[in-house]
Amino acid sequence: MAPMSETVRTKTKKPFAVALLRNRHGLGFVVLTLLLAAVVLFPIGTLLIMALGGSNESLGHVLQFVLPRTLATTAFLMVGVVIGTSIIGTVSAWLVMTFQFPGRRIFLWALVLPLAVPSYLGAYAFVEFFSFTGPLQSLFRGLSGFESAKEYWFPSVRNTGGAALILSLVFYPYVYLASVALLKLQGTRLVEASRALGQGTVRTFTSVLLPLLRPAIAAGVVLALMETLNDIGAVEYLGVETITFTIFDTWLTRRDAAGAAQMTMALLLLVFLLVYAERWARSRQSDTLGGKKQVAAPHQQLRGIWAFLAAFWCLLPIALGFGIPLLTLGGYAIDRLDTLADRRLHEALATSLQIAVLAAALTVIAGLIMVYAQRLRSGARWLRVLVRLSSVGYAIPGTILALGLFVPMASFDNWLIERGEGWFGWSFGLLITGSGVLILIAYLIRFLAIAEGNIDGGFRNIPVARDQASRTMGRGSLTTLLRIHVPTLWPALSAAALLVFIDALKELSATIFLRPFGMRTLSTYIYDFASRARVEETGIACLVIVLLGVLPVIIVARRLSSPS
C-alpha cells in the first residue's frame with residue numbers, strides 16, 4: 001500500500017504550464033492560439049484601463065447628461081429593428097417554405113439580396129429616394145399639382161424611425177435565413193399534421209410554426225442588433241445619436257478618449273448580453289434541428305388574391321432593401337461616369353482590394369490555426385472556451401475596436417519616436433498607426449468568427465482517424481495539416497476567405513478611425529463625400545461595393561435552392 005503522502009501527490013493536479021509543456025503534440029498551434037486570443041482581448045483590456053483612469057468629473061458628466069439620452073435613442077432604434085426584422089424575415093420565410101405561388105423559387109433566394117447593401121449605402125439611397133427632388137416626391141407633385149414642399153407633408157427618413165426602417169430592410173435576411181433553415185428541416189411535416197387536424201392556415205402559423213421558430217428568430221434578431229450597434233455611417237447621415245455615434249463624437253470631436261472609453265463599457269455590456277442571447281438561441285435552434293432530415297411535404301397552392309398578396313409581400317422588401325439602393329446608386333453611377341477617371345477612386349479601389357485580400361488571408365490562417373489547435377487538443381476544455389471567447393469579436397462594434405487599438409498603439413508609436421531620436425538621432429516614424437497595420441488587426445478581430453465557423457464546419461466532415469493514421473506514419477501536426485487537411489478543407493477555406501473579403505471591403509466603422517492620414521478605401525471614399533453632402537459623386541464606388549456584395553448572396557442562394 002502506497003504511503004499517504006504519495007497518494008496525495010499522485011492526485012494533485014499538475015500546474016497548467018507544466019501540463020501544457022509535457023503534452024507537446026500540437027504545442028505550436030496551441031501557443032499561436034494563445035497569442036491570437038491575446039490580440040482579440042487586447043482592445044477590451046485597454047478600454048477597461050482607460051475607463052478606470054478617467055476623471056470622476058468626466059464620468060459624472062457621461063452618466064448624467066450623455067448616457068441617458070443616447071441609450072434611450074439606441075433602445076428605441078433597437079426595438080424598431082427587432083420588430084421590423086422579425087415581421088419581415090419570419091413571414092417571408094413562412095410564405096416561401098409553406099406555399100406555392102408565382103415567383104416563389106425566385107423569392108426563395110432573392111429575399112437575401114438586401115444583405116449585399118451596406119447599411120450606410122442604404123441610408124444614402126433612401127434619403128435621396130424620399131427627398132424633395134427624388135422620384136417619389138416628384139411623382140407625387142406631378143399627380144397632385146403641388147409645386148412647393150410647403151404645400152404638403154411628406155414623411156422624412158432622417159430620424160430614429162426612418163433609421164429603424166432602413167436597418168430593418170437591410171438586416172431582415174438574418175432572421176429570414178435562420179427561419180428558412182429551420183423550416184427546411186422541420187416545418188413542412190408539422191404543417192401537414194396541423195392541416196390533417198383541421199387547423200386553418202393562420203392558426204397553424206401562430207400555434208405551430210411560431211413556437212418552433214422562436215429560437216431561429218431570436219438568433220437572427222440578435223445578429224441584426226449587433227450590426228445595428230456596429231453601424232456608424234447610416235446613423236450619422238440620418239442624424240440619429242446612438243451610443244455608437246456618441247462614442248465617435250466624444251473621441252474625435254471633444255477629444256475625450258477617457259469619456260469615450262467609459263461609454264464603451266455600457267455598450268460592451270449590451271454587446272455581451274447580445275452574445276449570450278445569440279449563443280442561447282443557437283443552442284435552442286440546434287436542439288430543435290436535432291434528428292434526421294425529413295422529406296419535404298408538398299407546398300400548399302395559393303390562387304387568386306392570396307397568391308398575389310404572397311408575391312407582393314415577398315417582392316416589397318426586395319424592392320425596398322435592394323431595389324431602391326441599386327436604382328439610386330446606379331443612377332448616380334450613370335450620371336457621373338466621368339468619375340471613372342478619378343485618380344482618388346482608383347487609389348481607393350486598389351487600397352480596398354489590397355487590405356481586403358490581406359485581411360482575408362490573415363483571418364483564414366488565424367481561424368485555421370485556432371480550429372486545428374482545438375482539434376489536436378480535443379480534450380482541453382479551456383482551449384474550447386478560449387476559441388469561443390476569441391470569436392466574439394464579430395459582436396464588438398468597429399468603433400470600440402478602433403478606440404481600444406488606436407490609443408495604446410499611438411502611445412507606443414510616440415515612445416518609439418522618442419527612443420529613436422534619443423538613441424540614434426533619427427525618427428522611426430509612425431510604424432504602426434501610420435502603416436495601416438491596425439486596420440488589419442481590427443478586421444482580424446471582427447471577422448475571425450466568420451472564418452472560424454466555416455473552417456470548423458469543414459473539419460467536422462474529416463474523420464479523426466486521418467489524424468491518427470498520419471501520426472502513426474511519423475508525420476507531425478504541421479505536415480498533416482498542409483498535406484492532408486488543407487486540400488480537403490479547400491471549399492470551406494475559400495468560402496471563408498470570400499466572405500471575409502467582402503465584409504472587409506464594406507467595413508466602415510473601424511476604418512474611419514484607424515486609416516493613416518491620406519489613405520482611402522472605397523468605404524471611406526464614399527463616407528468623405530457623404531459627409532460633405534456629395535454622395536452623388538460616389539455612384540461608381542457604391543455600385544462596386546453592392547455588386548461585390550452579391551457574391552456571398554450567390555453562395556447562400558445555391559444552398560437555399562438545394563432540394564428541401
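Within any chain, residue numbers begin from 1 and follow the written order of that chain's sequence. It should be noted that, the model being predicted, local features are given only for residues of pLDDT at least 70 and side-chain atom pairs only at 80 or more, the latter also being counted only at that level, while totals for whole chains, interfaces and linings use all residues. Where side-chain values are given, they derive from all heavy atoms of the structure, hydrogens and water being excluded.

1. What about the overall build of the protein?
And step 1. Helix and strand definitions follow DSSP, with helices as H or I runs of at least four residues and strands as E runs of at least two, each counted in order from the N terminus. Looking only at helices and strands, the protein features 22 helices and two strands.
And step 2. A buried classification covers 51% of the 564 residues belonging to the protein.
And step 3. Contacts were defined at the residue level, with two residues in contact if any of their heavy atoms lie within 4.5 Å. Look at the contacts in the protein between residues 6 or more apart in sequence, and 82% of them connect residues 24 or more apart.
And step 4. In the structure as shown, the protein presents an accessible area of about 26,700 Å², 65% of it carried by carbon and sulfur atoms. Exposure is judged per residue with a 1.4 Å probe applied to protein chains only, and the accessible area is read against the type maximum: over 50% gives exposed, under 20% gives buried, and values in between give partly exposed. Exposure was quantified through the Shrake-Rupley algorithm and a 1.4 Å probe, taking into account, for residues, occlusion by the shown protein chains and nothing else.

2. Section: the packing of aromatic side chains
In this description, a pair of aromatic rings is defined by centroid distance and the angle of the planes.
And step 1. Note on aromatic contacts: the rings of Phe and Tyr and the six-membered ring of Trp form a pair at centre separations within 6.5 Å, being stacked when their planes are under 30 degrees apart, edge-to-face when over 60 apart, and tilted otherwise. Evaluated as defined, the whole model comprises 17 aromatic pairs.
And step 2. Aromatic side chains F129 and F130 sit 5.6 Å apart centroid to centroid with 75° between the ring planes, which places their arrangement in the edge-to-face category. Across the pair, F130 and F129 agree in class, each one buried.
And step 3. Arranged with centres 6.4 Å apart and planes meeting at 55°, the rings of F140 and F154 form a pair that is tilted. Residue F140 is found in helix α7 (residues 135-144), and its partner F154 is found in the loop between α7 and α8 (160-196); the two are separated by 14 residues along the sequence.

3. A few points about the pattern of salt bridges
Note on pairing: side chains with opposite charge can pair once their charged atoms come close.
And step 1. For this analysis, a salt bridge means a side-chain nitrogen from Lys or Arg found within 4 Å of a carboxyl oxygen belonging to Asp or Glu. The full count for this structure, using the stated rule, is eight salt bridges.
And step 2. A salt bridge links D338 to R336; its shortest N-O distance comes to 3.0 Å.
And step 3. Note that E347 and R343 form a salt bridge whose closest N and O atoms lie 2.6 Å from each other. Here R343 and E347 lie together in helix α14 (residues 343-376), a separation of four residues that amounts to about one turn.
And step 4. R343 sits in the exposed class, given a relative accessible area of 56%.

4. Let's talk about the nonpolar core
And step 1. V96, F101, L121, Y124, Y176, F459 and L514 are the most contacted members of the largest nonpolar core, which has 170 residues in total.
And step 2. Among the elements that make up this core, the one with the highest residue count is α14 (15 residues).
And step 3. Not counting the four nearest positions on each side in its chain, L514 is found in contact with A402, L405, F406, T433, L438, I439 and A442. As used here, the term nonpolar core means buried Ala, Val, Leu, Ile, Met, Phe, Trp, Tyr and Cys residues forming a set that is joined through side-chain atoms within 4.5 Å.

5. A look at a nonpolar patch on the surface
And step 1. Each patch is built from residues that are more than 30% exposed by relative accessible area and take part in no salt bridge. Like charges join if they lie within 9 Å; nonpolar side chains (Val, Leu, Ile, Met, Phe, Trp, Tyr) join within 5 Å. Residues I305, W306, F308, L309, F312 and L316 make up a contiguous nonpolar surface patch of roughly 650 Å² in combined accessible area.
And step 2. Looking at L309, the relative accessible area reads 39%, which means it is partly exposed.

6. Examining the side chain of T70
And step 1. Within the element layout of this structure, T70 appears in helix α4 (residues 56-98).
And step 2. Of the residues examined, T70 reaches a relative accessible area of 0% and is grouped as buried.

7. Digging into the packing of α14 against helix α19 (residues 477-506)
And step 1. At a closest axis distance of 8 Å, the pairing of α14 and α19 adopts a crossing angle of 135°. The orientation of α14 with respect to α19, classified from their angle, is oblique. The two elements α14 and α19 cross, and the hand of that crossing is right-handed.
And step 2. Here the residues of the contact of α14 with α19 sort into 19 nonpolar, five polar and one charged. All axes here are fitted lines through C-alpha atoms, helices being fitted over the stretch that makes contact, and every angle between N-to-C directions spans 0 to 180 degrees. These descriptions rest on fixed angle ranges, namely under 35 degrees for roughly parallel, over 145 for roughly antiparallel, 65 to 115 for roughly perpendicular, and the rest for oblique. Throughout, a crossing is termed right-handed when the near helix is turned clockwise from the far one, and left-handed when it is turned anticlockwise from it by less than a right angle. Lys, Arg, Asp and Glu make up the charged group, whereas Ala, Val, Leu, Ile, Met, Phe, Trp, Tyr, Cys and Pro make up the nonpolar group; the residues left over, Gly among them, are polar.

8. Considering the confidence of the model for the protein
And step 1. Residue-level confidence of the predictor, termed pLDDT, takes values from 0 up to 100. Chain-level pLDDT for the protein is 81 on average; 84% of the residues reach the 70-or-more range.
And step 2. Here helix α1 (residues 4-11) stands out as the least confident element of the protein, with mean pLDDT 45; helix α13 (residues 304-335) is the most confident, with 92.
And step 3. Contacts from residues 1-12, a stretch scored under 50 in pLDDT, to residues over four places away or in other chains number one contact.

9. Description of the environment of V464
And step 1. Within the secondary structure, V464 sits in helix α18 (residues 464-472).
And step 2. A residue is classified by how much of its surface remains accessible, and V464, at 49% relative accessible area, is partly exposed.

10. A short note on the packing of helix α3 (residues 27-53) against helix α15 (residues 381-390)
And step 1. Packing of α3 against α15 brings their axes to within 9 Å, and their N-to-C directions diverge by 35°. The way α3 lies across α15 gives a crossing that is left-handed. The residues of α15 that touch α3, namely those facing V30, T33, L34, A37, V40 and L41, are W382, L383, L386, V387, L389 and S390.
And step 2. For the contact of α3 with α15, the per-class residue count stands at 10 nonpolar, two polar and no charged.

11. Here we look at the environment of F205
And step 1. Within the fold, F205 resides in helix α9 (residues 201-230).
And step 2. By relative accessible area, F205 is classed as buried at 12%.
And step 3. Sequence spacing of F205 and T98 is 107 residues, and the spatial spacing of their C-alpha atoms is 9.9 Å.
And step 4. Setting aside chain neighbours within four positions, we find F205 in contact with T90, W94 and L210.

12. Examining unusual backbone geometry
And step 1. Positive phi outside glycine occurs at A533, with the angle close to 60°.
And step 2. Look at A533 and you get exposed, because its relative accessible area is 60%.

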